[in-house]
Amino acid sequence: MEIGEKIRRIRMERGLTQEELADRAELSKGFISQLERDLTSPSIATLEDILTCLGTDCGEFFAAKSRPQVVFSEDDYFVKEDSVHKSRIDWIIPNAQRNEMEPIRLSLTAGGATIPDNPHEGEEFGYVIRGSVDVHIGKENYHVGEAESFYIYPDGEHYISSETGAEIIWVSTPPSF
């Protein structure tokens, strides 16, 4: 962790100059400048004084509150290929289990089907990018074509199959894959 950069950011958020912070903490402007450029390290007592002058404390300062990743590329995806069911799942938002929705990209080979999913609480949404799929819910079957979508409440056994092959975006809440 770059302590100096974080101190600089907080100082600027508070609208203080280096000189104003130095005066409040009874330090030199040169020390604050070196600290913000990570050229020197403060003692714990000095750091506590600086943080108090910035209106925070060590606990808040060192709390890991990093912004979660927003944009994901193919390099970030987690991929699972299933030769038995002739399918491939790309988790397009990694570690989505901590989120309320879990989007995946599902690719089905012609004649392939996903592993049947057990009934569960929540909802599932799908959008067919390429090809077509059949959504099976209990004994009911629904055909979904390219550029069409489906939204289901999976309170019974359900799965998706494709006679022609397909690529879909599938989002479920809570995450169930």
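Above this note sits the structure.
Residues numbered from 1 in each chain as written. Predicted model: local features only at pLDDT ≥ 70, side-chain atom pairs only at ≥ 80, totals over all residues. Heavy atoms only, no water.

Caption draft 1: Seen up close, the overall build of the chain. Per the secondary structure count, the chain includes five helices and ten strands. Within the chain, buried positions represent 37% of all 177 residues. A separation threshold of at least 6 residues defines the contact pool for the chain, and within that pool the share at least 24 residues apart is 61%. When the accessible area of the chain is evaluated, it comes to approximately 10800 Å², of which 49% is carbon and sulfur surface. (Helix = DSSP H or I, 4+ residues; strand = E, 2+ residues; numbered from the N terminus. Buried < 20%, exposed > 50% of the residue type's maximum accessible area, 1.4 Å probe, protein only. Contact = heavy atoms within 4.5 Å. Areas by Shrake-Rupley, 256 points an atom, 1.4 Å probe, with all protein chains shown as cover.)

Caption draft 2: Here's a closer look at the sheet that holds strand β1 (residues 78-82). Taken in spatial order, the six strands line up as β1-β2-β3-β10-β5-β8 in an open sheet, and their pairing is antiparallel. The strands lining the two open edges of the sheet, one partner per strand, are β1 and β8 (149-152). Geometrically, the sheet is characterised by an average inter-axis angle of 20 degrees between neighbouring strands, direction not taken into account. Looking at chain direction, strand β2 (residues 87-91) and strand β3 (residues 102-108) are connected through five bridges and run antiparallel. Directly across from aspartate 90, in β3, lies its bridge partner arginine 105. (Pairing = 2+ DSSP bridges. Axes fitted to C-alpha atoms, helices over the stretch in contact; angles between N-to-C directions.)

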